[in-house]
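Coordinates in review
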Amino acid sequence: MGLTAAIVGLAVLVLIHEAGHFFAARAVGMTPRKFYIGFGPPIARTKRGGVEYGIGSIPLGGYVKIPGRNRPSPGDLTKLLPPAEAKRHTSEIEAIDAAIESEDYGRAHALLLELRPELGETRAWQEIEGALAPEAYWRAATWRRLTAIFAGPAVNLVFALVLFAALFMVAAIRETNVIGRVVAKSPAAAAHVQVGDRVLAVAGKPVTPKDIPAHIRATAGKPFRLLVDRHGRRVVLGPVQARVDQGAYRIGIAIESRTGPGESPPTAVRDALKLTWQVTSDTVRGIGHLAAGRDTNQVSSSVGIVRVSAAVWRQGLRDFLFVLGLVSLALGLLNLLPVLPLDGGHIVMALLEKIRGRTFQQAVYMRYTVVGLALFALLMYFGLRNDLFGGGGG
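These numbers were taken from a predicted model, which means no experiment stands behind them. (Residues numbered from 1 in each chain as written. Predicted model: local features only at pLDDT ≥ 70, side-chain atom pairs only at ≥ 80, totals over all residues. Heavy atoms only, no water.)

**Some points on the overall build of the chain**
What the chain contains, in helices and strands, is 14 helices and 10 strands. By the burial criterion, 42% of the 394 residues in the chain qualify as buried. Considering only residue pairs separated by 6 or more positions, the chain has 65% of its internal contacts joining residues 24 or more positions apart. (Helix = DSSP H or I, 4+ residues; strand = E, 2+ residues; numbered from the N terminus. Buried < 20%, exposed > 50% of the residue type's maximum accessible area, 1.4 Å probe, protein only. Contact = heavy atoms within 4.5 Å.)

Right, here's the structure in full:
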């Protein structure tokens, strides 16, 4: 049940992200051709109003296909067609290429439509037709492109904010520094940490309730001492040596939280904004640490996200929804990274094209995408390593 809830929750976040792109694109005059949840060969699909809706066989992410992401170039159709097919239509393709070369895209589009009965609506024909269509993405004004692209991450950010505010209005969780649980045979148990101890300092540094996990992770496996308040007396425990568990240094304690009455709407919105800003700041700092080669053991993949969400489901609906809000926020923020094929990369390209006064050709997008995919593959490696093998302890 927990696994099902986690997968459904992640699918909902992808769905609303892609819906943001889809409806924003339609609102600014672009007609998407496809709306898919998942990648790979479709396991279910239907076509309505010129849009193909489907579910891919690989349940990772999703996409909205907006026609004409890149400006067409002479020779594009020849590259996409089988050699024999391209040879049979040499004169027609040359006419299309000449129209593209002279930037008469309307004529090129009309000539391509004449080839539809012979070529059929193959992938090659669809790609070029979309690039030449009047509503093509690359032909739209910069503000229209930015609206269509930014809408996806924006929906995830707003969803997280609204969800946090709603949860705060239902019941407020108060952080404490009280240890609510000690895992058996853990470093904390070996150091005689007890349930009810109040953590005052970690490795000689005073801590607030929300800072306790971060200070433990910062010890990076080196022995340290805990200062706790036990029944009104200050007690020094340790040395304690954190060990890697699920990609992070932990000592085997759970900090107690207490549920209080729900907040008023203005207070709930204020606290939701505060939490969103805090998570955003931590995410930006984390990305900076990764760029410097630090904290690679904090990266998680979709495997870890599903596993954590499934575990939290067993703790209750409120905790599950809270984690879902955090995942939605992370999804929105990470999609704003300035690399292709992420949304942030498309935003950067749209702004550069505005400054340049001309759109880039597909080859430029492809080279930039290779950089982004390489970074994505590296992050995926770190995430899977941490989720499947317990991290590298860095």
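After that view of the structure, there is still more to cover.
**With respect to the packing of aromatic side chains**
Under the defined criterion, the tally for this structure stands at 8 aromatic pairs. Centroid distance F22 to F23: 5.2 Å. Interplanar angle 85 degrees. Geometry classified as edge-to-face. Relative accessible area serves as the criterion here: at 57%, F23 is assigned to the exposed category. Summarising the aromatic geometry, the rings of F39 and Y63 are spaced 5.7 Å apart at their centres and angled 15 degrees between planes, so their arrangement reads as stacked. (Phe/Tyr/Trp six-rings, centres within 6.5 Å; stacked < 30°, edge-to-face > 60°.)

**Brief notes about helix α12 (residues 317-334)**
Three- or four-residue spacings in an α-helix give side chains the same orientation, since the helix completes a turn every 3.6 residues. Compared with the 26 Å implied by 1.5 Å per residue over 18 residues, the 26 Å span of α12 between its first and last C-alpha is a close match. Among all positions of α12, only R318, F320, V323, L324, G325, V327, S328, L329, G332 and L333 are buried. (Expected span 1.5 Å × (residues − 1).)

**Side note on the pairing of strand β7 (residues 233-240)**
In this sheet, β7 lies alongside strand β6 (residues 224-230) in antiparallel orientation, the contact comprising 6 bridges. If you follow V228 over to β7, its bridge partner there is V235. Connecting the antiparallel pair β6 and β7 is a turn made up of 2 residues, with H231 showing a positive phi of about 55 degrees. (Pairing = 2+ DSSP bridges.)

**Brief notes about the pattern of salt bridges**
Scanning the model with the defined rule gives 10 salt bridges in all. With a closest N to O distance of 2.8 Å, D197 and R230 form a salt bridge. Here the residue D197 occupies a position in the loop between α8 (187-190) and β4 (198-202), and R230 occupies one in strand β6, the gap between them amounting to 33 residues. The exposure class assigned to R230 is buried, which follows from its relative accessible area of 12%. With its nearest N and O atoms 3.4 Å apart, the salt bridge here joins D211 to K210. By relative accessible area, D211 is classed as partly exposed at 24%. (Salt bridge = Lys/Arg side-chain N within 4 Å of Asp/Glu carboxyl O.)

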